[in-house]
Structure formats: structure tokens, C-alpha cells
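Residues per chain are reported as follows:
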Amino acid sequence: MYRHYGENIEKKVVDHHKSNGGVSRFEKFRIYHGDYLGEEVNDQKVSELAEHFSALVLEKVVQADYVPGVMEFISSFHSQYDLFISTGSPEKKTNHVRKIIQKYRYNPSEMIFVGDAPTDRDAARENGLTFIGRFTTAEEIKKEKYLIQDFKNFNSYLNTL
């Protein structure tokens, strides 16, 4: 999306994006256009950028392979565990997780949040959940106490916690 602004801007955007996985794209576009490009962006422009980004992401997600073992885990344990997906758009993950806890009256000490971004870890910690990091690209996540690479034998792993 930012290639036509030049290599320097493209690199800054990519680096920021990788370092801030899980941050809302709406927040990121304001940073990229305001701080990096010196352009004012209104809500309509941010919405247009987000729409374009969503289309690109959807295309890549549809083409991407599942995390090994995740579909088997979901198929086998969907009736044993309540499973949720928390994404950084349009709401912050911390708020989204808090709403889930409140709506279903869960005890946070009985919940687990699996994620691969610092915002996932932060949402878990701020809500009192155990965090399991799936280490991929975020170096910070590789330092977490509980780590997985994939979902193969995930239920057995849960039983060890």
C-alpha cells in the first residue's frame, strides 16, 4: 500500500507494522499518513485505507495455510471449550477480551489467551488471563513463559498448565 511513497516510507511502514502486530489498522493509518507522510487524514480517508487493506489481507488470509493442528483442535474440542477470536480491528483487544469476560461471566483465572503479538499478550495480562505465545515473528513473544509453535497436541499441553 505504501510502495509508491518510496522505499524509505515503505520500510518504515513495514517495520512499524511488524513491531506492532495487533494494533488497529485505523490507528496505524493515522500514524503512517500523519507522522510519516505529514498528511492530514480524516475519518473517511482512514476508512478507505482500511477497506483497501482489508481486501488485501482477506486475499492473503484465504491463500494462507492454517496453523498446523488448529483445525483438528477446534473440531475435537469445540464442545469442551468456549473458543473466541479477538482481532485488533475495529476494537482494541484488551476491550474485546474484557467484554467477553463480562458477557459470559467468566473467571479470568480459568481462561487462556493464545496469540502471537505483543497486543495479544497485553490483552491477556490486562484482563488477568494466562497467555500462551505462538512464536512466529515477534521477538518479545519468544521470551514468554508458555510457548507453542503450533496446535499439534495442544490439548495435552493445556493439561500441563
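Details of the structure are given in the entry above.
Residues numbered from 1 in each chain as written. Predicted model: local features only at pLDDT ≥ 70, side-chain atom pairs only at ≥ 80, totals over all residues. Heavy atoms only, no water.

A. Summary view of the overall build of the protein. Looking only at helices and strands, one finds 7 helices and 3 strands in the protein. In the protein, the order of α-helices and β-strands from amino to carboxyl end is α-α-α-α-α-β-α-β-β-α. The principal-axis extents of the C-alpha atoms in the protein amount to approximately 50 × 30 × 30 Å. Counting all 161 residues of the protein, 34% fall into the buried class. Restricting to contacts in the protein with at least 6 residues of sequence separation, those with at least 24 account for 43%. Split by element, the accessible area of the protein, about 10,800 Å² in all, is 50% carbon and sulfur. Between the mean site of the 22 positive side-chain charges and the mean site of the 24 negative ones, the protein shows a separation of 3 Å. (Helix = DSSP H or I, 4+ residues; strand = E, 2+ residues; numbered from the N terminus. Buried < 20%, exposed > 50% of the residue type's maximum accessible area, 1.4 Å probe, protein only. Contact = heavy atoms within 4.5 Å. Areas by Shrake-Rupley, 256 points an atom, 1.4 Å probe, with all protein chains shown as cover. Lys, Arg positive; Asp, Glu negative; His and termini not counted. Charge placed at Lys NZ, Arg CZ, Asp CG, Glu CD.)

B. Local environment of the pattern of salt bridges. Applying the stated rule across the entire model yields 11 salt bridges. One salt bridge in this structure joins Arg30 and Asp43, with 2.4 Å as the shortest N-O distance. In this pair, Arg30 sits in helix H2 (residues 25-36) while Asp43 sits in helix H3 (residues 43-63), placing the two residues 13 residues apart along the sequence. The class of Asp43 is exposed, set by a relative accessible area of 55%. The shortest N-O distance in the salt bridge between Lys93 and Asp120 comes to 2.4 Å. One end of the pair, Lys93, is in helix H5 (residues 93-104); the other, Asp120, is in helix H6 (residues 118-126), with 27 residues separating them in the sequence. For the pair formed by Lys93 and Asp120, the shared burial category is buried. Connected via shared salt-bridge partners are Arg121, Asp122, Arg125, Glu140 and Glu144. (Salt bridge = Lys/Arg side-chain N within 4 Å of Asp/Glu carboxyl O.)

C. Main features of the layout of surface pockets. In this structure, the second largest pocket encloses a volume near 150 Å³. Only H5 and H6 provide two or more residues apiece to the lining of the second largest pocket. If one sorts the elements of the lining of the second largest pocket by residue count, H6 sits on top with 4 residues. Residues of the lining of the second largest pocket, tallied by class, amount to 2 nonpolar, 5 polar and 5 charged. (1 Å grid on protein atoms, 1.4 Å probe; cavity = no way out; pocket = protein on both sides within 12 Å on 5 of 7 lines; lining within 4 Å. Points joined across faces, edges and corners; volume = space filled by probe spheres on them. Nonpolar A, V, L, I, M, F, W, Y, C, P; charged D, E, K, R; others polar.)

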